[in-house]
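What the coordinates show
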Amino acid sequence: MRTDWPDAHIAVVRFTASRLDALEAVEVRRELLATIEAGAGSLVLDMQSVTFVDSSGIGMLVSILKRLGMAGTLVLLHVNEHVMATLALVQLDRVFAIAQDEASAIGLARGDIGP
Amino acid sequence: MPKRLILPGERPLVLVVDDDATPRRLAAAYVAQLGFPVLSAADGEEALRLIEREPVTIVISDWNMTPVDGLALCREVRARDHGRYVYLVLLTARSGREDLLAGMRSGADDFLVKPVDRERLQVRLRAAERIISLERGLREREAQLDVALAALREDLEAAAFAQRQLLPAPNVHHGALTCATRQVASSIVSGDIVNVVRLCPERLVLYALDVCGHGARAALRASVLRHHLDGASLRSNAGSGSPATMVAELNERFPSGDDGLDYFTMLLAVVDAGSGEVRFCQAGFPPMIHLPAGGGSRLVGAGGPAVGFFPGTTFEEQRLALADGDRLLIASDGMLEARSSNGEAFGAERLMACAERLGHLTAEACAASLLETLRAWHEDDDPPDDITLICLDHRGDTHANRLA
């Protein structure tokens, strides 16, 4: 995972793993919580590398969304078709903000915490 | 191989090996004076026999012996598993770098210069005793871990046995309905639950529930949910029989914890035993498969949110009419996501195609056959995720005939 900070309150986290499963989710959650601790009010998760998300991965994403609270936004970027179907099955495609390119992802993230 | 148990606190048994009797007796006498139990051997072969038979843990061996010399003895001891560590000290008049390296390569732990000096011997024995005590502690801990692991596994097996006793009868008849259920756990206990309940003479309730993840945590949660569903949920909703209300109640009563890993997906259906009308709530569970009597198949269910994520979530009721001779399949994602060796998921399309070919079989035979096909697909006895399959038949005529 690599993290960029387009500004002090928005972190773009780029996954490197191809599977977001029970094994991976624990570590990813720890890192994302640390990123929120470090000041990220909203997160953009670049899922370019991710080809598979299991139920634990989904649970982890929801726990991060809840952790960000009402003021923050969780934006999923570059979600592959199969992962999208997994999210859609539990209707989380309506809950997460989803973006196709980085500029609009950062825009979505900024929209909720900007003045 | 006989293995003698070495009691903690017992001093290590020392074996002195030398084909020359005088230095052998002298060394053995020193060892005994230093408070160690001691054995002697006149050559390498006798030494190996003694190490096999007695709980020797320190060997002090001369280098030059025939036919088995000190180096060969070291190599032979290292090659065998004695169930304990044997600390090897080579006696030598040699002090060259190459000699010491050869000794270490053969497995020697330490060297002692001939003729044996009592003080140097004492220091070597103390070092040996420390190493042996450390090694003994490690082995004991390893044995304790083995015992703990076996106990955990036994516990899980017992839990799995209890869980299997909660499974519904493999084949339930109710009015015009026949319902076959199958379940396969991925890790002894299952995070899937399935049940078929006769709610009243007119209604059959069936549900499949899949707790996030698998293993003990998911299984315990699944058991708690089942207890609640079969008790409070069904009692308080027997009148209305509203599946969406029951699921909404579960959503409020069982929110997921902070790490997000306790949510679950489920499909709860209330089926009219006479008309075949199905009212169901699909909460994050894969769509059902409807196989009309006339052939073909289609996916049923517009989807819905999972249970436990957000309080206040609205769950919707959907409906389906089963005509006489129709069949309905409910499969958990463990079945749809099961992968072949080349990584291809079993998938809903394949399940539909297989099921279409099994229309002539009873619900029970159809479910059994589909699981057989799935097992061949993932080529493994343990599926990666828990698997649940329900096969519901609405066969008004045949059932009425059988009763008549």
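Residues numbered from 1 in each chain as written. Chains lettered and ligands numbered in written order. Predicted model: local features only at pLDDT ≥ 70, side-chain atom pairs only at ≥ 80, totals over all residues. Heavy atoms only, no water.

1. Observations concerning the overall build of chain A
- What chain A contains, in helices and strands, is four helices and seven strands.
- Going from N to C terminus, chain A has its helices and strands arranged as β-β-β-α-β-β-α-β-α-β-α.
- Once the C-alpha set of chain A is aligned to its principal axes, its extents read approximately 35 × 25 × 25 Å.
- For chain A, the residues scored as buried account for 46% of the 115 residues in total.
- When contacts within chain A are restricted to residue pairs at least 6 apart in sequence, long-range pairs at least 24 apart make up 71% of them.
- Total accessible area on chain A is roughly 5300 Å²; 55% of this is exposed by carbon and sulfur atoms.
- Positive and negative side-chain charges of chain A, numbering 9 and 14 respectively, have mean locations separated by a distance of 5 Å. (Helix = DSSP H or I, 4+ residues; strand = E, 2+ residues; numbered from the N terminus. Buried < 20%, exposed > 50% of the residue type's maximum accessible area, 1.4 Å probe, protein only. Contact = heavy atoms within 4.5 Å. Areas by Shrake-Rupley, 256 points an atom, 1.4 Å probe, with all protein chains shown as cover. Lys, Arg positive; Asp, Glu negative; His and termini not counted. Charge placed at Lys NZ, Arg CZ, Asp CG, Glu CD.)

2. Considering the overall build of chain B
- Helix and strand counts for chain B stand at 11 helices and 16 strands.
- Whereas a compact globule of 404 residues would reach a radius of gyration of roughly 22 Å, chain B reaches 35 Å, over 25% beyond that.
- Across its three principal axes, chain B shows a C-alpha extent of roughly 105 × 40 × 40 Å.
- Taking all 404 residues of chain B together, the buried fraction comes to 48%.
- Intrachain contacts of chain B at a sequence separation of at least 6 include 69% that bridge at least 24 residues.
- When the 43 basic and 57 acidic side-chain charges of chain B are each reduced to a single mean position, those positions are 6 Å apart. (Rg over C-alpha atoms; globule rule 2.2 N^0.38 Å.)

3. Some remarks on the side chain of B:T178
Residues and elements named next belong to chain B.
- Examined against the element boundaries, T178 turns out to sit in strand β7 (residues 177-184).
- When its relative accessible area of 13% is taken as the criterion, T178 is described as buried.
- In this structure the side chain of T178 is engaged in a polar contact, spanning 3.1 Å, whose partner is the side chain of H173.
- Those residues within four positions of T178 in sequence are excluded, and the remaining contacts are N171, V172, H173, A363, C391, L392 and D393. (Polar contact = N/O pair within 3.5 Å; in protein donor to acceptor, adjacent residues only side chain to side chain.)

4. Describing unusual backbone geometry
- Residue B:P67 follows B:T66 across a cis peptide bond; omega there is -5 degrees.
- Note on placement: B:P67 falls in the loop between β3 (56-62) and α3 (70-79).
- Here the bond from B:K114 into B:P115 is cis, since omega is -5 degrees, no more than 30 degrees from zero.
- We note that A:H78 has phi near 55 degrees; this positive angle belongs to a residue other than glycine.
- Residue placement: A:H78 occurs in the loop between β6 (74-77) and α3 (81-89).
- Residue A:Q91 is not a glycine yet carries a positive backbone phi of 60 degrees.

5. Concerning the sheet that holds strand β2 (residues 38-41) of chain B
Residue and element names in this part refer to chain B.
- Strands sit in the order β2-β1-β3-β4-β5 across an open sheet of five strands; the sheet is parallel. Bordering the open sheet on either side are β2 and β5 (110-113), each of which pairs with just one other strand. Taking each pair of neighbouring strands and ignoring which way they run, the sheet shows an average axis angle of 20 degrees.
- Along the sheet face, helix α2 (residues 44-53) touches β1 (13-17), β2 and β3 and points at about 145 degrees away from the line of β2.
- This element, helix α5 (residues 118-165), spans β1, β3, β4 (87-92) and β5 of the sheet and lies at about 145 degrees to β3. (Pairing = 2+ DSSP bridges. Axes fitted to C-alpha atoms, helices over the stretch in contact; angles between N-to-C directions.)

6. Details of the sheet that holds strand β6 (residues 171-174) of chain B
Residue and element names in this part refer to chain B.
- The strand order β6-β7-β16-β15-β12-β13 describes an open sheet built from six strands, whose pairing is antiparallel. Whereas interior strands pair on both sides, the edge strands pair on one side only; in this sheet they are β6 and β13 (298-300). With strand direction ignored, the average angle separating the axes of adjacent strands in the sheet is 20 degrees.
- Of the pairings in the sheet, the one linking β6 to β7 comprises four bridges and is antiparallel in character. When the sheet's bridge partners are listed, H173 is paired in β7 with T178.

7. Some details on the pattern of salt bridges
- This model, assessed by the stated rule, comprises 29 salt bridges over all chains.
- Among the ionic pairs, B:R11 bridges to B:E129, the shortest N-O distance being 3.2 Å. Of the two residues, B:R11 is situated in the segment before β1 and B:E129 in helix α5; the sequence distance between them amounts to 118 residues.
- Given the relative accessible area of 22%, B:E129 is considered partly exposed.
- Across the pair B:D262 and B:R217 runs a salt bridge whose closest N-O atoms are separated by 3.1 Å. One end of the pair, B:D262, is in the loop between α7 (243-253) and β10 (264-272); the other, B:R217, is in helix α6 (residues 216-236), and 45 residues separate them in sequence.
- With relative accessibility at 43%, the residue B:R217 sits in the partly exposed group.
- Beyond isolated ion pairs, a larger network of salt bridges with shared partners links A:D4, A:R14, A:D46 and A:E102. (Salt bridge = Lys/Arg side-chain N within 4 Å of Asp/Glu carboxyl O.)

8. Let's talk about the nonpolar core
All names here are of chain A.
- L43, L45, M47, L74 and F96 are the most contacted members of the largest nonpolar core, which totals 33 residues.
- Going through the elements one at a time, β2 (10-14), α1 (22-37), β4 (42-46), α2 (55-68), β6 and α3 are the ones with two or more residues in this core.
- A per-element tally of this core places α2 first, with seven residues.
- Here L45 is in contact with V13, F15, L32, L61, L74, V75, L76 and L77, once residues within four sequence places are set aside. (Core = buried A, V, L, I, M, F, W, Y, C linked by side-chain atoms within 4.5 Å.)

9. Some thoughts on the interface of chain B and chain A
- Each side of the interface is counted separately: chain B has 23 residues, and chain A has 17 residues.
- The contact between chain B and chain A buries some 1400 Å² in all, and 61% of this surface belongs to carbon and sulfur atoms.
- Three residues, B:Y263, B:F309 and B:F310, lead the burial of chain B against chain A; their summed loss comes to 32% of the area buried on that side.
- The tally of links between chain B and chain A comes to three residue pairs in polar contact (both at pLDDT 80 or more).
- Taken together, the residues that form the side of chain B that touches chain A break down as 11 nonpolar, eight polar and four charged. (Buried area = accessible area lost by both parts, 1.4 Å probe. Nonpolar A, V, L, I, M, F, W, Y, C, P; charged D, E, K, R; others polar.)

10. Here's the deal with the confidence of the model for chain B
All names here are of chain B.
- Per-chain confidence: chain B averages 89 in pLDDT, with 95% of residues scoring 70 or above.
- Considering only residues more than four positions removed or in separate chains, one finds that residues 1-6, a stretch of pLDDT under 50, has 14 contacts.
- Low pLDDT, under 50, characterises residues 398-404; the stretch is placed with four contacts to residues that sit more than four places away or in other chains.
- The complex model carries a pTM of 0.75, and its ipTM stands at 0.86. (pLDDT = per-residue confidence, 0-100.)

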